[in-house]
Amino acid sequence: MRRALIVGINHYTNAPLKGCIKDAEKMNTVLATNADGSPNFDCKLLVSSEGAKYPITIPKLKKHIHTLFNQEAAIAVLYFSGHGASTEVGSYLVTQDAHKYNEGVSLQEIINMANNSKVKEAIIMLDACYSGHMGNLIEFGNRKVVLREGVSILTASRDTQFAVERNGSGLFTSIIYEAMNGGASDILGNITVAGTYYFADQLLNSWEQRPIFKTHVSKMTPLRYCPPKVPLQVLRKLTLYFEQKGEALQLSPLYEESMEPRNEVFEQIMSHLRLFHTNGLLTPVGTLFMYDAAKDNKTCKLTTLGKFYWDLVYKKQL
């Protein structure tokens, strides 16, 4: 089973926010299904409302987080968008009933619940100010993290930074949403929390806010599936074009459609080779461009990543 608790709080008495519910709804949509519409996470959406009818209180949020992590599952995701608070004794996810000296749900409590949980892999994503403090232990110097195997944390900012809102949405969540929609997918269309962090890391600058990623895993479980960057029927041709993974493939002007004489068979192969090149599976030798390699009768060879997928195809694991 794959479960996700998705929380968005706009309605704070003293400092209301605008985009957190919208962000939570976006994350609910992208996690509930894969790109092909197949079911993904069983999502619980928890958002704030005005007044005291259904407030997200400290006990209520704790209860839902405990329920998320206290039931057996292959993977469980906690996503939170709202205020974060930092004090001398720790950092908190701020709830609607929070006040001074009782700021919300402690990040340390949450990490304790994740560390002690029954789920095989627990992933925590926080779009909140100061959320980078999560997992840090003051008694260990405040920069050392204790996570049991299978726990990962991805936060919008460092423990000293604000989380930025732009155009009515959290900047961090907007980036994560794009990552989940395929921006962070690997060759096979898998999106992992590590790939998501890398995608965010490239887009958030060091002067404004920096995403923080903490993890203790031996294998990344995909969060979502998107169409493969290289179709499997094309990827499986690696062993056809390269009989040995260490050999080079000789190119010629026949591979290039802009040159005469035309050869449709070689041009089709070249379209596949360009796709491999674009996705880092092969590289032309002695030049930067596949066009020049074909024009000048040069070769191309598999990269380390290309050899990895060659092995998978050769062993019939794809």
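Above this note sits the structure.
Notes on the structure in this doc start here. (Residues numbered from 1 in each chain as written. Predicted model: local features only at pLDDT ≥ 70, side-chain atom pairs only at ≥ 80, totals over all residues. Heavy atoms only, no water.)

Take the side chain of Arg-224 next. Structurally, Arg-224 is set in strand β13 (residues 224-225). There is no salt bridge for the buried Arg-224, and the closest opposite charge comes from Asp-36, which lies 7.5 Å off by N-O distance. A polar atom in the side chain of Arg-224 sits 2.6 Å from the backbone oxygen of Val-30. Separated by 2.8 Å, the side chain of Arg-224 and the backbone oxygen of Thr-33 make a polar contact. Once residues lying within four places of it in the same chain are set aside, the contact partners of Arg-224 are Arg-2, Val-30, Thr-33, Asn-34, Ala-35, Asn-40, Met-180, Asn-181, Gly-189, Asn-190 and Ile-191. (Helix = DSSP H or I, 4+ residues; strand = E, 2+ residues; numbered from the N terminus. Buried < 20%, exposed > 50% of the residue type's maximum accessible area, 1.4 Å probe, protein only. Lys, Arg positive; Asp, Glu negative; His and termini not counted. Salt bridge = Lys/Arg side-chain N within 4 Å of Asp/Glu carboxyl O. Polar contact = N/O pair within 3.5 Å; in protein donor to acceptor, adjacent residues only side chain to side chain. Contact = heavy atoms within 4.5 Å.)

Moving on, we get to the packing of aromatic side chains. What the rule picks out here adds up to four aromatic pairs. Seen in terms of ring centroids, Tyr-197 and Phe-213 are 5.3 Å apart; in terms of plane orientation they differ by 20°. Their pairing is stacked. Of the two residues, Tyr-197 sits in helix α5 (residues 193-203) while Phe-213 sits in strand β12 (residues 212-216), which places them 16 residues apart along the sequence. Note on Tyr-197: relative accessible area 21%, which makes it partly exposed. What makes Phe-213 partly exposed here is its relative accessible area of 24%. Arranged with centres 5.0 Å apart and planes meeting at 10°, the rings of Trp-310 and Tyr-314 form a pair that is stacked. You can see Trp-310 and its partner Tyr-314 sitting in helix α10 (residues 304-314), four residues apart, about one turn around the helix. Using a relative accessible area of 56% as the deciding quantity, one classes Tyr-314 as exposed. When the ring centre of Phe-41 is taken as reference, the NZ or CZ atom of Arg-2 above it lies at 4.5 Å. (Phe/Tyr/Trp six-rings, centres within 6.5 Å; stacked < 30°, edge-to-face > 60°. Lys NZ or Arg CZ within 6 Å of the ring centre and 35° of its normal.)

This next bit is on the nonpolar core. Counting residues in each nonpolar core, the largest one holds 32 residues, and the members touching the most others are Ile-65, Phe-69, Phe-80, Ile-110 and Ile-124. Listing elements by their share of this core, those giving two or more residues are β1 (2-8), α2 (58-69), β3 (75-81), β5 (90-99), α3 (107-115), β7 (121-127) and β8 (151-155). Not counting residues up to four positions away in its chain, the partners in contact with Phe-69 are Arg-3, Ala-76, Leu-78, Met-113, Ala-114, Ser-117, Lys-118, Val-119, Ala-122 and Ile-124. Counting 28 residues, the second-largest nonpolar core is a separate cluster that includes Val-30, Ala-179, Met-180 and Phe-199. (Core = buried A, V, L, I, M, F, W, Y, C linked by side-chain atoms within 4.5 Å.)

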